[in-house]
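# Fold and geometry: a report
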Amino acid sequence: MDRRDTLKTLLVGTVGGATLGTIGCKTESKEPVKSNTPTTGDYGRTPSEKDWDEKVFADTFLNEQELESIAVLCDIILPPTPTAGSATEAKVPEFIEFIVKDLPSHQVPLRGGLMWLNTESNKRFNKVFKDASSAQQIEIIEDIAYPDPEGKKPEMGPGISFFDRMRNLTLTGYYTTRMGFDDLGYKGNSPNVWDGVPDEVLKDLDVAYDPEWTAKCIDQSKRETIAEWDNDGNLIN
Amino acid sequence: MQIKEQAKVYDAVIVGSGAGGGMSAKVLADAGLKVAIVEAGPFFDPKDPKTQTQLKFPWESPRRGASTTRAFGDFDMSWGDWKVDGEPYTTKEGTDFLWWRARMLGGRTNHWGRISLRFGPKDFKHKDVDGLGDNWPISYDDVKPYYDKLDKLVGLFGSKENLPNEPDGYFLPPPKPRLHELYYIKGAKKAGVTVIPSRLSILTKRINKDRGVCFYCGQCNRSCQAYADFSSGSCLIFPAQQNGGQIDLYNNCMVRTVTTNDEGKATGVSYINKEDRQEYQIKGRVVVLGASACSSARILMNSKSKQHPNGLGNSSDVVGRYLHDSTGASRQAFIPELMNRKTYNEDGVGGMHVYSPWWLDNKNLGFPRGYHIEVWGGMSMPSYGFGFNASALNEYVGGSVGGYGTKLREDVKRFYGSVIGLGGRGEAIARHENRCEIDPNVVDQFGIPVLRFDYKWSDYERLQAKHMQETFEEIFHSMGAKPLGDMPSKEQDYGLAKPGQIIHEVGTTRMGDDPKTSVTNSFQQLHDAENVFVVDAGPFVSQADKNCTWTIMALSWRASDYIVDQLKKQNI
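Residues numbered from 1 in each chain as written. Chains lettered and ligands numbered in written order. Predicted model: local features only at pLDDT ≥ 70, side-chain atom pairs only at ≥ 80, totals over all residues. Heavy atoms only, no water.

### Side note on the packing of aromatic side chains
Our working definition: Under the pairing criterion, centres of Phe, Tyr and Trp rings, with the six-membered ring standing for Trp, must be within 6.5 Å; the plane angle then separates stacked pairs below 30 degrees from edge-to-face pairs above 60, leaving the rest tilted. Under the scheme used here, helices are H or I runs from DSSP no shorter than 4 residues and strands are E runs no shorter than 2 residues, and both carry numbers assigned from the N terminus. For each residue, the accessible area found with a 1.4 Å probe, counting protein chains only, is set against the maximum for its type, and the residue is called buried under 20%, exposed over 50%, and partly exposed in between. Placement of a charge over a ring requires the Lys NZ or Arg CZ to be within 6 Å of the ring centre, with the centre-to-atom vector within 35 degrees of the ring normal.
Taken as a whole and judged by the stated rule, the model has 42 aromatic pairs over all chains. Between F163(A) and Y404(B), the ring centres sit 6.4 Å apart and the planes meet at 90°, which makes this aromatic pair edge-to-face. Highlighted residues: F163(A) in helix 6 (residues 157-175) and Y404(B) in the loop between helix 8 (394-397) and helix 9 (406-415), drawn from two different chains. Just as F163(A) is buried, Y404(B) falls in that class too. Consider the rings of Y271(B) and Y280(B), whose centres lie 5.5 Å apart with planes at 15°: the pair is stacked. Assigned by exposure class, Y271(B) and Y280(B) land together as buried. Ring-pair connections join several aromatic residues into one group, and the members of that group are Y89(B), F97(B), W99(B), F453(B), Y455(B) and W457(B). When the ring centre of W99(B) is taken as reference, the NZ or CZ atom of R101(B) above it lies at 4.5 Å.

So, in structure tokens, the structure goes:
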């Protein structure tokens, strides 16, 4: 994968993320800031990045009520299954709490979206969203969980945008945890020896390797043998 | 402020530690010369656990790898990107340029794509073909012996294909294609597009006892702790030091100027130590600039003296001019046959296993020069951004877009690994008016005048991007894939990336035989100062439809051999 294009991974979805954010900078404080949220382990930060992380951890943006509503939404988006935990079990609200401080472009849409949701819930049920019954919550969610390209529900527009963002953040927060990896079946990020697509996968799809092509490829039994060539560039071992 | 002089006099002071500087350091130190490497960023060793990101999981980052502090994400091994704190650059009104700078030992070689392509015979003499730009003063035959040595020293995989303008080398065998790459091969062949195993400087097989073999984590952009991919530190600078080379590393030292004497010869460099913010000088018999095409041009233009009033090496007023980056455009598509994949580890090497070199003749195309096609896709590791618009692909298979709950979980899994992306990387024409120059009004935090870019694409590049987009669609259709979104329109320049965005900027100190129209001679020696050399991509006359790194290194080796020879003969 070309590293530049990883930024455009709308659907391939790996590195980076195209969301606009601020560039990390040094904080004024040189003393480590104490935070209630535990920092993650060492992941190869430079000193200025460490400062940035500490500052973000020490900040507060979402309040308790907002986080409670987010937790409810997270588990509507990803409830538990017989084999996988829910979004809150994967600590997705904690991730969202962090990321809105790290990428402030999420702040107004999320906070405003939650207010919109509460207004809508009050209007319908005379209760804020998190205090509404499950059935009532789902009634609203059903109205905002699908795109409305023809504009049939113009009054739901802000809710649809908000839910879209919540869904994106919940999925990203979930599938970047061990629980999410297991649910997805991601098997990589570990040393191995790649020797082609498994046979049963090729058979299922009726795809085959061209023998002329694979003849050029590495014989993995010789990977540890130090390469030698003849004078025409032909590998001799 | 007093400028402090270092007592030691070096044979060579090398500015920058990336592909060009690292290669020069290796060659000069192996020849027994006393070498100083002056690098604007900190020390970096891919092996150091404190800075390592390789094999980290997304949850080890609280932002799950998002690009808040690093433009290509938390785990990308580049300290510095389009922005470097306290070190701005500007652009002329109405123009665009993005400038990537990695401030660390090894520079951008720690995260680069490892695509290692030789320039072909035509690439050095392209004016002969289409009358545009200029020929290089050297030919493929001049560089071939260095490409050969480079292949063996650094190692790359690839395959012998006997294509006319894609010279073969001393290759390690390539890895087998991944599943989406098998679909690409099928589509490309059907569309009449050449497709061959890619050529990357990653060790699929051992080349010596010191460096490891690829263990297929797909993370070369994080820099390899086993030294199984090329980076300048692990493959050039550290081995040269272990070989007994006399190399002093000056890290966090930002070169301001090349210092010169009354005869106009270089005496060394002047730099700011970023830690104490004091200015120092190092003396050297030879100064080798490998700071990157634009940084080296900046240093030269800032090195004004009585003997060099327009900046060092700039009597021609060519320094900074003929700046050009590769063209780039891309598109993604959905392969319905790859829904509901059985998952397995297909990380592979850090990059594509197959690619398409330029396959056409430009005679009837309406634009000059070619491009190659890069391929990405597959079941890659989730990080920030994964799952965004997860159900959007339902649009193509009659499912419902949006939703939540079990349905959404199923969507995520159904579509995982079913998207393929193609990127074209092509050759722009080097033009006199596209340049970087010194901004007369702006300095960086060290008081050094900064670069101002003035760069515009022409219709040559736009039409090339159009051709890329049309080709991508044809390949997608031929492999049974559905292109996503709309093809970028004429108004959108067909999706042509901004200048600089492909990070292949070259040409600012171009080589030539005529001192009036070029900055260096064919050994990358300044016409105006015989003991100053440029070993980054500055001396490139043209970019070719290749990536520039392999040629930077081959040419740096060649220039450095020449330096050794000239010092021995006491010519400089």
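### Comments concerning the side chain of S418(B)
Along the chain, S418(B) falls in the loop between helix 9 and strand 12 (419-426). Residue class for S418(B) comes out buried when judged on its relative accessible area of 0%.

### Observations concerning the pattern of salt bridges
Residues and elements named next belong to chain B. This is how it is decided: A pairing counts as a salt bridge when a side-chain nitrogen of Lys or Arg comes within 4 Å of a carboxyl oxygen of Asp or Glu.
Summed over the entire model, instances satisfying the criterion amount to 62 salt bridges over all chains. For R118, the salt bridge is made with D148, and the minimal N-O distance between the two is 2.8 Å. Remark: D148 occurs in helix 4 (residues 140-154) and R118 occurs in the loop between strand 3 (90-91) and helix 2 (121-124); sequence separation between them is 30 residues. The two residues R118 and D148 agree in class, both being buried.

### Looking at the interface of chain B and chain A
Applied cut-off: Pairs of residues are marked as contacts when any of their non-hydrogen atoms sit within 4.5 Å. Summed over both partners, the accessible surface that disappears when two parts come together, traced with a 1.4 Å probe, is what is meant by buried area. N or O atoms within 3.5 Å of each other form a polar contact, as long as, within protein, one can give a hydrogen and the other can take it, and as long as residues adjacent in sequence are counted only when both atoms are side-chain atoms. Each residue gets one of three labels, nonpolar for Ala, Val, Leu, Ile, Met, Phe, Trp, Tyr, Cys and Pro, charged for Asp, Glu, Lys and Arg, and polar for the others, Gly among them.
Counting residues at the interface gives 114 residues for chain B, matched by 111 residues for chain A. Summing the contributions of chain B and of chain A, the shared interface buries around 10000 Å²; its carbon and sulfur component is 58%. When the buried area of chain B at its contact with chain A is split by residue, Y384(B), Y404(B) and R409(B) rank highest and sum to 9% of it. Applying the counting rule to chain B against chain A returns 11 salt bridges. Across the salt bridge formed by R63(B) and D53(A), the nearest N and O atoms sit 2.5 Å from each other. Summed over the shared surface of chain B and chain A, the result is 50 residue pairs in polar contact (both at pLDDT 80 or more). Elements with a contribution of two residues or more to the side of chain B that touches chain A: helix 5 (179-190), strand 4 (196-197), strand 9 (327-334), strand 11 (371-377), helix 9 and strand 12 of chain B. Looking at the side of chain B that touches chain A, the element that brings in the most residues is helix 5 of chain B, giving 5 residues. Of the residues assigned to the side of chain B that touches chain A, the class counts are 54 nonpolar, 34 polar and 26 charged.

The values are spatial; any link to function lies outside them.
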